[in-house]
Amino acid sequence: MINPVSRVVRYIRREGFRAFTVTALQRSASRLATAVPAERHKIRMLVRYDDALRVDWSRPAPWQENPRAQGTGPISTAWIMHPPGESSGGHQNIFRFIKYLEDAGHEATVYLYHSHEHGIDAKYLQALVRDSASYPTVRAKFSEYDPAKGVDPRHDAIFATGWETAYPVYLDPSDARRFYFVQDYEPAFYPVGSEHVFAENTYRFGFHGITAGPWLAGRLHDEYGMAADYFAFGADVRHYSYVNTERRKDVFFYARPVTTRRGFEIGVMALELIARERPDLTLHLAGWDVSSYDLPFSYVNHEVMKVTELNELYNRCGAALVLSLTNLSLLPLELLAAGVIPVVNDAPNNTLVSNNPFIEYSEPTPHALARRVLDVLDREDQAEHARAASASTASANWDVSGQQFVSIVERELRG
């Protein structure tokens, strides 16, 4: 048996403080709903209470009235983010684009922020990112964000990287230009309530958004009047490639019960139907340890895997079930690169992000999803189709996205 404290430490190290805090707050809210009235509880959110209280976005902030102008030469950027884990997906993408800025001759500094009372060990986290195969090698220095000091006044731009970090970015005394690196529609992470509203309000702060894919940019502009550009999705062909050229029978499911937008329950129902129809198939679940769930079929529980381990598993699978109820997951293109055909729920948040013809879109019902997965596996030309799917990702590498990102930042700062 794993000691509960050890389990928490493993969780934080792997997923980062942000994922741990969100999960802990959700469980705490559930417990408080049944707590006795005499108990006193401190209000806890992903954002610091005082930061949420201080922001008044209905009036122009000083940095909006006198924005810094940046001429030629290297651009100095500050990135305020929640402490990363050794394999947290959102952080992987952030550091990917920090590296593109650095490779273009610009500079970056990481400022770590969270709502806990304890401090942040920036040196440890810098070493964790440096030593993890999930992250690119960056030159950026890490430090804990101190609201009393703010970022270094020499920075030309400050990036918010999640809704909670938009509050210290807004309040920072620097005259640096404000950017918002938006990877998903974060109000949807919460039931309608305070945190939903606090997350939604950040799109009204006056930052310049740079989003993952066009669906987010369009939504933020149309619903909130936010200036937003986007970069295209890519696949890291260094880690994912087509190796197994034989016919494949296995099925992959991106199982994240702790991330509600990944539609875990819908996916489980689809897999149950698949298992009933084809008990000979092997079902692989990865993304989380699901051993504590009573699932109605046999499966292989891969838990959370390292980036370097995924290609071998992907190359055993002919089809994958990847659900996303907000912005498109990064997995479909990665799976395609390995010759796996992803079945994804049909919705604008997915179809507007990638037009790759090898992604199979399906109505988000267990029966429709199950039928589509089996249709993919039963194709007579499955192996040839897989090879063509892998080839279709050759031009969808992250370097194109990185060039788009750097061009947007340079344009906005230099005019």
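Above this text sits the structure in question.
Below, the structure is looked at part by part.

The rules we used
- Residues numbered from 1 in each chain as written.
- Predicted model: local features only at pLDDT ≥ 70, side-chain atom pairs only at ≥ 80, totals over all residues.
- Heavy atoms only, no water.
- Helix = DSSP H or I, 4+ residues; strand = E, 2+ residues; numbered from the N terminus.
- Buried < 20%, exposed > 50% of the residue type's maximum accessible area, 1.4 Å probe, protein only.
- Areas by Shrake-Rupley, 256 points an atom, 1.4 Å probe, with all protein chains shown as cover.
- Lys, Arg positive; Asp, Glu negative; His and termini not counted.
- Charge placed at Lys NZ, Arg CZ, Asp CG, Glu CD.
- Phe/Tyr/Trp six-rings, centres within 6.5 Å; stacked < 30°, edge-to-face > 60°.
- Arc of directions from axis to C-beta.

Helix and strand counts for the protein come out as 16 helices and 13 strands. When its C-alpha atoms are laid out on the principal axes, the protein stretches across 65 × 60 × 40 Å. By residue count, 55% of the 415 residues in the protein fall in the buried class. For the protein, the accessible surface area stands at approximately 19,000 Å², while carbon and sulfur atoms represent 51% of it. Side-chain charges of the protein comprise 43 positive and 51 negative groups, with the mean position of each set lying 4 Å from the other.

It is worth spelling out the packing of aromatic side chains at this point. Taken as a whole, this structure holds 32 aromatic pairs when the rule is applied. Ring geometry for W79 and F159: centres 4.1 Å apart, planes at 5 degrees, overall stacked. With a gap of 80 residues between them, W79 in strand β1 (residues 76–81) and F159 in strand β4 (residues 157–160) connect regions that are remote in the sequence. For the pair W79 and F159, a shared accessibility class is recorded, and that class is buried.

Of the positions making up helix α6 (residues 122–131), those classed as buried are A122, L125, L128 and V129. Taken down its axis, α6 places every buried residue within 120 degrees of arc, on the same side. Away from its buried face by more than 90 degrees, α6 exposes K123, R130 and D131.

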